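The primary structure of each chain is shown beneath.
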Amino acid sequence: MNHQRRDTLKAGGGLGIFGLLAAAGMIKPEMAEAAWNKAAFDAHKMDDAMSALGAGKPAESADVQITAPDIAENGAVVPVGVVSNIANTESIAILIEKNPAMVAATFDIPAGTVADVQTRVKMGQTSDVYAVVKADGKFYMAKKEVKVTLGGCGG
Amino acid sequence: MKKTIMAVAIGAVALTAPNMQAMASEDLNFDAYRQMLADGNPAELFEMEGEELWRTARGPKNATLEQCDLGVGAGVVDGAAAQLPRFFADTGKVQDLESRLMHCMETLQGIPSAEIINGKFRQGERGKLASLVAYVVTHSNGKKVQVDLSHPKMKEMYDMGEKVFYYRTGAMDFSCASCHSQDGKRIRATQLPNITTSKGAAEGWGSWPAYRVSNSQFWTMQHRLWDCFRQQRTAEPVFASDVTIALSVFMAGKGNGYEAVWPGVKR
Amino acid sequence: MANPMRIRAAAKDGVTEVRVLMSHVMETGQRKDSSGAVIPAHFITELTAKHNDKVVLSAQFGPSVSTNPYLAFKFNGGAKGDKVVVSWVDNKGDSRTDEVQVA
């Protein structure tokens, strides 16, 4: 059982019956395997976020592509897709530089899964969106600016 | 009038991110953004709930809605929304999708219409009705709007709707036409369809109900119209009242022949 | 209790594309209600997707993921009728699992 996960559940407040079950390992074990990366999701600076992801200072790579609109009508829902054309891609992380907590999501890509994920994120203001890719133990990145006409974190 | 414009302008600046001021209106092209949201529209979550509600025995009569006649036969959902509002002989009334569903809920399930009319949007039975709307309109997605205006009661409603559309009222002396009768008009970054044209009417009619990303809510046309009245600073209409149905007949009738994108996704 | 997810999975040319819509508030913990009180954070933290018992994606979310989250991904293989199961847990320990057959 991973201690970090247990702490996370406690931090969530009011450890309900589901929380107790999870802490006791009664929720599907594979879900508890990868502990939620609290340090990354709590990071407020790009350097801190990168180090919590184990990425250091990743090199920019044209083999990492971000699909996102140049301009979003509302920051509450901004579609972001990441494709990595680097062989043996193991993980993909999406970061929003100007969000209070900049790491939006991380994805583990097992062998056999295509390094191509899409999700939607909140953006408080116009910002660079970063994709950080881990492949064969090395880190790569790409970024793209998305303009936001109405911030999406307040309402 | 000048004061009103000033107030609106100040409000717009206050509500807008600073970077917006630097953007010319021709840069505000959200086509790519909207296209990316259309696939996986969260309105699908409401549609799912609506489908379940359609098939679930509920209410004092413990019945499903599977015998509900939306105008194209009992229980037929496919293409039904594209032909609404319409005149229904069994009620002797012109009904839109929402008032017709409300009628079915009352007659088939015994859920009193008053509960919905006196309720609040997104809550209780009115909230459930909205999910049913999401389910029904999804089955007219991509279909051409085909509202039959030949019945005299439909004609009457269309004319009333047109009158209401141009009727100035409220603290700001606004009509629907104040905001919806020019091409390229916006409130902040939001484009407003020109409903005096068929294309514009179809844009408005054929893109609501919709999921609103700004508040994660699903809004029906009744909800949309209610909020237009509120923004107009005039008395908000009673749910499913004639004035709301008349405006719907006007928009749908004017937008006849254009494809509906249902449910829509909005800022 | 958490509302169901909408999962679509379609196999084409040896690749299965999975699209998931989750029903969740994804509250950031940074907003205040009308009385000025902070609305506590409530968001999905972890998600796992399996194809016939093999994990094909695991993800971690922070509060920046939009309300009613959307996720799309692809894995090699997969045939019509195969099972895709998606599970999530949130920071309050609530969870949800739904499955769909590959179309």
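Preceding this section is the structure that the text describes.
Because the structure is predicted, anything quoted here is derived from the model rather than measured. For every chain, the first residue of the written sequence is number 1, and numbering continues from 1 along that sequence. To read the labels, note that chains go from A and ligands from 1, taken in the order they are written. Predicted model: local features are reported for residues with pLDDT of at least 70 only, side-chain atom pairs are reported and counted for 80 or more only, and whole-chain, interface and lining totals are derived from all residues.

Colleague: An account of the environment of A:Lys143 is needed here, citing residue identities and associated values.
Modeller: Residue and element names in this part refer to chain A. We count a stretch as a helix when DSSP gives it H or I for four or more residues in a row; a strand needs E for two or more, and each element gets its number in order from the N terminus. The residue Lys143 is located in strand β9 (residues 138-148) in this model. Separated by 13 residues in the primary sequence, Lys143 and Tyr130 have C-alpha atoms spaced 4.4 Å apart. Here contacts are defined at the residue level, using C-beta atoms placed from the backbone and a cut-off of 7 Å between them. Excluding residues that lie within four positions of it along the chain, Lys143 makes contacts with Asp128, Val129 and Tyr130.

Colleague: Can you break down the packing of helix α7 (residues 152-166) of chain B against helix α11 (residues 242-254) of chain B residue by residue, with the values?
Modeller: All names here are of chain B. Two elements in contact, α7 and α11, have axes separated by 7 Å at closest approach and are oriented at 95 degrees. Taken together, α7 and α11 sit at an angle that is classed as roughly perpendicular. Contacts from Met154, Met157, Tyr158, Met160, Gly161, Glu162, Val164 and Phe165 of α7 reach α11 at Val243, Ile245, Ala246, Leu247, Val249, Phe250 and Gly253. A per-class count over the contact of α7 with α11 returns 12 nonpolar, 2 polar and 1 charged. Axis angles are defined between N-to-C directions and span 0 to 180 degrees, where every axis is a line fitted to C-alpha atoms and, for a helix, only to the segment in contact. By definition in this entry, angles of less than 35 degrees are roughly parallel, angles greater than 145 are roughly antiparallel, angles of 65 to 115 are roughly perpendicular, and the rest are oblique. Under the scheme applied, nonpolar residues are Ala, Val, Leu, Ile, Met, Phe, Trp, Tyr, Cys and Pro; charged residues are Asp, Glu, Lys and Arg; polar residues are all the others, including Gly.

Colleague: Please give an account of the sheet that holds strand β4 (residues 78-84) of chain A that cites residues and values.
Modeller: Two strands qualify as a pair provided that DSSP identifies no fewer than 2 bridges between them. Reading across the sheet, the 6 strands line up as β2(A)-β4(A)-β7(A)-β5(C)-β2(C)-β1(C) and stay open at both edges, with antiparallel pairing between neighbours. In this open sheet, the two strands that pair with only one neighbour each are β2 (64-67) of chain A together with β1 (6-12) of chain C. Between one strand and the next, the sheet's axes are offset by a mean angle of 15 degrees, whatever the strand orientation. In this structure, strand β2 (residues 15-21) of chain C lies alongside strand β5 (residues 70-76) of chain C, joined through 7 bridges in antiparallel fashion. The residue bridging C:Val20 from the neighbouring strand is C:Leu71, located in β5(C).

The quantities given are spatial measurements derived from coordinates; they are silent on function.
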